[in-house]
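# Per-entry structural report
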Amino acid sequence: MEMGVVVLGFYYSALLLLGILCAESKYMVYNTSQTIVPGKLNVHLVPHTHGDVGWLKTVDQYYVGSNNSIQGACVQNVLDSLVPALLADKNRKFIYVEQAFFQRWWRDQSEEIQNVVRQLVNSGQLEFINGGMCMHDEAAAHYIDMIDQITLGHRFIKSEFGVTPRIGWQIDPFGHSAVQAYLLGAEVGFDSLFFGRIDYQDRIKRKRDKSLEVVWRGSKSLGSSSQIFAGAFPKHYEPPSGFYFEVNDDSPIVQDDINLFDYNVQDRVNDFVAAALAQADITRTNHIMWTMGTDFKYQYAHTWFRQMDKLIHYVNKDGRVNALYSTPSIYTDAKYATKESWPLKTDDYFPYADRENAYWTGYFTSRPAFKRYVRLMSGYYLAARQLEFFKGRSHSGPNTDSLADALAIAQHHDAVCGTEKQHVANDYAKRLSLGYSEAEKVVASSLAFLAGSKASTGRRNPTANFQQCPLLNISYCRASEIDLSHGKNLIVVVYNSLGWKREDVIRIPVINEDVRVLDSEGREIESQLVPPADAYESLRNYYVKAYLGSKPEEVPKYWLAFSVSVPPLGFSTYTISSSKSSGASSTKSSICTFQRGEKSDIEVGPGNLKLTFSADLGKVTNYAYSRNSIEELVEESFSFYTGYIGSEEDTQNSGAYVFRPNGTFPIKPETEVPLTVMRGPVLDEVHQQINSWIFQTTRVYKGKEHVEVEFIVGPVPIDDGFGKEVATQIKTSLENNKTFYTDSNGRDFIKRVRDYRADWELKVNQPVAGNYYPINLGIYIQDSRKEFSVLVDRSVGGSSLVDGQIELMLHRRLLLDDSRGVDEALNETVCVLDDCRGLTIQGKYYFKFDALGEGAKWRRSFGQEIYSPLLLAFAEQDGDDWMSSHVSTFSGIDSSYSLPDNVALLTLQELDDGKVLLRLAHLYEIGEDSVLSSMTSVELKKLFPGKEIGSVTEMSLSGNQERTEMEKKRLVWKVEGLLEEDTKVERGGPVDPTKLVVELAPMEIRTFVIDFNHQALFDA
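Residues numbered from 1 in each chain as written. Predicted model: local features only at pLDDT ≥ 70, side-chain atom pairs only at ≥ 80, totals over all residues. Heavy atoms only, no water.

## Section: the environment of lysine 40
- Summarising the element assignment, lysine 40 is placed in the loop between helix 1 (2-21) and strand 1 (42-47).
- Separated by 318 residues in sequence, lysine 40 and alanine 358 place their C-alpha atoms 39 Å apart.
- Residue contacts for lysine 40: discarding those within four places in its chain leaves Asn286, Gly319, Val321 and Asn322. (Helix = DSSP H or I, 4+ residues; strand = E, 2+ residues; numbered from the N terminus. Contact = heavy atoms within 4.5 Å.)

## What to know about empty space enclosed by the protein
- In total, this model carries 14 cavities of 30 Å³ or more according to the counting rule given.
- Volume-wise, the largest cavity comes out at about 140 Å³.
- What lines the largest cavity is a set of 16 residues, and nearest its centre among them are His142, Gly746, Leu777, Gly863 and Tyr867.
- Counting residues per element, the lining of the largest cavity draws most heavily on helix 16 (residues 856-867), which supplies six residues.
- Residues that form the lining of the largest cavity fall into these classes: six nonpolar, five polar and five charged.
- Approximately 120 Å³ is the volume attributed to the second largest cavity.
- Contributing to the lining of the second largest cavity are 16 residues, with Glu213, Ala232, Pro234, Thr283 and Tyr331 lying nearest its centre. (1 Å grid on protein atoms, 1.4 Å probe; cavity = no way out; pocket = protein on both sides within 12 Å on 5 of 7 lines; lining within 4 Å. Points joined across faces, edges and corners; volume = space filled by probe spheres on them. Nonpolar A, V, L, I, M, F, W, Y, C, P; charged D, E, K, R; others polar.)

## Digging into the sheet that holds strand 17 (residues 502-510)
- Taken together, four strands build an open sheet; the order of strands is 17-21-20-23 and the sheet is mixed. The open sheet terminates on both sides in strands that have one partner only, identified here as strand 17 and strand 23 (587-588).
- As defined by bridge partners, strand 17 adjoins strand 21 (residues 558-566) across nine bridges and the pair is classed as antiparallel. Along strand 21, the bridge assignment pairs valine 510 with tyrosine 558. (Pairing = 2+ DSSP bridges.)

## Section: the packing of aromatic side chains
- Within the structure shown, the criterion is met by 62 aromatic pairs.
- For the pair phenylalanine 305 and tyrosine 325, a centre-to-centre distance of 6.0 Å together with 55° between the ring planes defines the contact as tilted. Here the residue phenylalanine 305 occupies a position in helix 10 (residues 302-318), and tyrosine 325 occupies one in strand 9 (residues 322-325), the gap between them amounting to 20 residues.
- On the basis of relative accessibility, which here comes to 3%, the residue tyrosine 325 falls in the buried class.
- Ring centres 5.3 Å apart and planes at 65° place the aromatic pair phenylalanine 749 and tyrosine 780 in the edge-to-face group. Within this pair, whereas phenylalanine 749 is found in strand 37 (residues 749-753), its partner tyrosine 780 is found in strand 39 (residues 778-782), the two being separated by 31 residues in sequence. Of the two residues examined, phenylalanine 749 and tyrosine 780, each falls in the buried class.
- Members of the aromatic cluster, each reached through a chain of ring pairs, are Phe94, Phe243, Phe245, Phe272, Trp290, Tyr298, Trp304, Phe305 and Tyr325.
- Looking at arginine 747, its charged tip hangs above the ring of tyrosine 143, at a distance of 5.1 Å from the centre.
- Sitting over the face of the ring of phenylalanine 749, arginine 859 holds its NZ or CZ atom 5.5 Å from the ring centroid. (Phe/Tyr/Trp six-rings, centres within 6.5 Å; stacked < 30°, edge-to-face > 60°. Buried < 20%, exposed > 50% of the residue type's maximum accessible area, 1.4 Å probe, protein only. Lys NZ or Arg CZ within 6 Å of the ring centre and 35° of its normal.)

## Description of the nonpolar core
- Among the nonpolar cores identified, the biggest contains 199 residues, and Phe102, Phe272, Phe305, Phe466, Tyr623, Leu808 and Leu943 are the most heavily contacted of them.
- Of all the elements, helix 14 (residues 422-450) adds the most residues to this core, at eleven residues.
- Excluding residues that lie within four positions of it along the chain, phenylalanine 466 makes contacts with Ala444, Leu447, Ala448, Val493, Ala873, Phe874, Ala875 and Trp882.
- If you look at the next biggest cluster of nonpolar residues, it comprises 39 residues, including Tyr143, Ala181, Val214 and Met1003. (Core = buried A, V, L, I, M, F, W, Y, C linked by side-chain atoms within 4.5 Å.)

## Here's the deal with the sheet that holds strand 51 (residues 948-955)
- Across the sheet, four strands lie side by side as 48-49-54-51; this open sheet has antiparallel pairing. In this open sheet, the two edge strands, each paired with only one partner strand, are strand 48 (903-910) and strand 51. Mean inter-strand twist for the sheet, computed between neighbouring axes without regard to direction, equals 25°.
- The pairing of strand 49 (residues 916-922) with strand 54 (residues 1005-1013) spans six bridges and is classified as antiparallel. Looking at strand 54, one finds that leucine 917 is bridged to valine 1009.
- In the packing of helix 12 (residues 368-391) onto the sheet, the strands contacted are strand 48, strand 49 and strand 54, and the crossing angle to strand 48 comes to about 55°. (Axes fitted to C-alpha atoms, helices over the stretch in contact; angles between N-to-C directions.)

## What about the packing of helix 9 (residues 265-280) against helix 10?
- It is at 10 Å that the axes of helix 9 and helix 10 come closest, and there the two elements cross at 80°. Put simply, helix 9 runs roughly perpendicular to helix 10. Each of Val265, Gln266, Arg268, Val269, Phe272 and Val273 in helix 9 lies in contact with helix 10, whose residues at this interface are Leu311, Tyr314, Val315 and Asp318. (Parallel < 35°, antiparallel > 145°, perpendicular 65-115°, else oblique.)

## Quick word on helix 9
- With 16 residues, helix 9 extends 22 Å between its outermost C-alpha atoms, agreeing within 8% with the 22 Å of an ideal straight helix rising 1.5 Å per residue.
- Along helix 9, the residues that are buried comprise Val265, Arg268, Val269, Phe272, Val273, Ala276, Gln279 and Ala280. Taken around the axis of helix 9, the buried residues stretch over an arc of 135°, which confines them to a single face.
- The inward-facing, buried residues of helix 9 contact strand 1, strand 8 (287-292), helix 10 and strand 9. (Expected span 1.5 Å × (residues − 1). Arc of directions from axis to C-beta.)

## Focus: unusual backbone geometry
- Omega for the bond connecting phenylalanine 350 with proline 351 falls within 30 degrees of zero, at -10°, which places this linkage in the cis form.
- Located in the positive-phi region is asparagine 67, a residue other than glycine, with phi close to 55°.
- Secondary-structure assignment places asparagine 67 in the loop between helix 2 (59-64) and helix 3 (75-87).
- We classify asparagine 67 as partly exposed; its relative accessible area is 28%.
- Despite not being glycine, leucine 996 has its phi angle at roughly 55°, a positive value.

## A short note on the state of the cysteines
- Overall, the coordinates contain two disulfides when judged by the stated rule.
- Residue pairing for cysteine 469: its cysteine sulfur links by disulfide to cysteine 477, the two sulfurs lying 1.9 Å apart. Handedness of the cysteine 469-cysteine 477 disulfide follows from its S-S torsion of about 50°: it is right-handed. The exposure classification of cysteine 469 matches that of cysteine 477, with both residues buried.
- Between cysteine 831 and cysteine 836 runs a disulfide, and the two sulfur atoms are separated by 2.0 Å. What sets the handedness of the cysteine 831 and cysteine 836 disulfide is the S-S torsion sign, and at about 110° it is right-handed.
- Once the disulfide-bonded cysteines of the protein chain are ranked by sequence position, their pairing pattern turns out to be 1-2, 3-4.
- Between cysteine 74, a free cysteine, and cysteine 134, which holds the nearest cysteine sulfur, the sulfur-to-sulfur gap is 20 Å.
- Owing to a relative accessible area of 6%, cysteine 74 belongs among the buried residues under this scheme. (Disulfide = S-S within 2.5 Å.)

## Comments concerning the pairing of strand 28 (residues 630-633)
- Only one face of strand 28 is covered, namely the one carrying Ile630 and Glu632; the face carrying Glu631 and Leu633 has none of its residues buried.
- Note: strand 27 (residues 619-625) against strand 28, four bridges, orientation antiparallel. Across the sheet, the residue bridging to asparagine 622 is leucine 633, located in strand 28.
- Hairpin geometry of strand 27 and strand 28 is characterised by an intervening segment of four residues between the two adjacent antiparallel strands and by a positive phi of about 60° at serine 629.

Structure follows, in structure tokens:
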């Protein structure tokens, strides 16, 4: 109706002008109804906007359009103007991606507008593409986080609109992972995947070979069963040059009023045809896609659609090519209908350089503290959802939704990457903190419920007031730092979110030295007191003051270390009390100090693993593990790269995105600082002050088969005027012949070869940065006899730049921007009152040697332990009756059962409708382990012993459609050069509703929605 009024008003104005100008004029109706024309070049115009869920502005600032002095962008305007623009012409189309923005807008709309939008979705005018909360990163994001964030978006879209997105749209992430292709593409149910950023050398070759579009098989284990049609854009995700139509863009509009100056219809048609033919020359088939939009465009959508209406009308009247409104779904179907065979792509698209000397490999490490925070919250969220399920989800009280939303947003490709402005990084961290605070209440109340004392009625009576310690990484835990000398006990509940029994060592700060530890049965267990290093005291005091506003009143005298044994999906309880009355107490570590320059070797290790340190060199020199008879020379060192400072001839600096080193400088241990060795029955430690701003602790645990290295790096000095990128190297004697392996988002391992690319002949211009790859789980090298593996606690960049050596970049502090849009140096600074310092980071990595072919078991099993650390909750008690009055051990699964060693439980979550989302993953690739790379199974009845399972429905990975329906719709693409299909890929079979056993083949992840016949899982 409103459009009719506008049209009438325009018509009468035109009549008036007719009388004034004595010229003929009429309202122009453009024909935009064209569809695909066989035999012609079809130009698919895909209107879109790209909305960064935080980058230069925070997510909320981008949504409402505030802080425009930084960037003029308002997503609310885009969505507001989009609806009337689409209603004005039923042939117009638009795609939308980021649900974090769309959901904000959706909540603000009236029921009438919501119904209009539903009609636009149902008609295909508005199509949701990708459909996650954000367009997640593909280098620094963990696959579990990627799954969770896309699940949030997909389930919302299914709930509100009843549709399932068909297309992956990763147009802006800085390189593309194998996991994105097969897992977050094919396994989600996408028919195709499109992206914008690939290496400039790769793009040149692909344009020449017409291989920008491929069939991508990202998993060697799942092969063709999880392949996807994938396309890289010819240049970027923007329109061809000269076809930008935002209000203030300078592209020529189509001026088609002959009564006005600058009439240019034929010129614009010629420009269009020329650009289309140029793209057709590098594209197979008679279909090309134009991405009509870019970052935060369509603030006033009509300016774009008016010009596209005209272009479609006049180009089709011209007849040389066919132009049409389209979407990636229409484009994909058109490509598929040609029955073309496509080149095969395996592995991934890392690393990414957009031009010479500009490798985007710095962001693999940028903002390392935030990367660790994201990973820590991810593991916590996994455990919190399990506990929320065991207790029962609350719709009115605290739940895990806020943490879910914060984590989802943090996966954005300018968030976890560390490529955002500092105030935006602060905003992401604040959201995680607020989400954690609410989830912390869920965890505390759930543990109190599960451990609650039994009343006479048999019902649980949750009385415990559990506290947790999110600042343990800086040696602060108020809950454990209590005085036990007056008869008070400290209760420690240790929760294990893994599906198998876990034996581990926990360490907590205590202020008493006369303490003992009792297990759930009241038996005293071996424990050890380890004095903290001075480096941790200064770290603790400064950062606790930053968090709490004041320094802690006391400094803990010791770390208390003791072994714990925790059942699968369950907890064990330990009591820490004063030992003065009993006489028995924790063993104090023996302490030995060795001066640098002493000609002596120092052996540490209370178990089968021994490390030898040279006091003279101040570093480890030998690794020996008696159980597999492996002995190996090993040497750890630190170095830094100075960040390149651009010149007039070559302006490329090192920055948040780009790693461009300008020289490597070894960091030699300071000779005057001694080695301090602490030994005990639980663990041995070696403390090394490498220099004034690097401290390292090397730990070897009794009963563990790996080495743990904890580092403190920072503040990185910049008083010499140079930014620095700090790396550690672990050198061995392995002859790996330039070859190493890094994980893809914590999942598959991909073979890398130094100075080599499988898809093109690499021109090496950056021998360091060009060989860096993202690492989320680990990196390993091997020769004919051994494997050497290093696992990490967060996303980092790393490589094997020299045979026998692995390098990890730990920290980056730079003084210049790298000209990729953020316009801010990566110079993280912490201010406590007036005391401002460069960021100090604390972290860990772990290493192990194995015989050839035997390293996968440690990488996979211990990798799960790194991702899902034991969750600790503390309570105080006066007296000794906790164990008799509370449930001291608990497992959420059958007491006789645990998950197989090659299976991980990724998701156990109660949904809003009371059903349960269950996600199980096989941890091994085909051929990775002689025993564990095989079909395995999970017994659902034993996984849910207290529940009667009513139905089990297998879903797509994101839980938005039944798996059987997804497979029916799957497009099977032809692959160039393959006459016969590869051997049948092994997959787990359907779940028998009587036996309720889930089979899992190597690398398979299966997702289920389970409906229980309603009854309490545990006594309520």
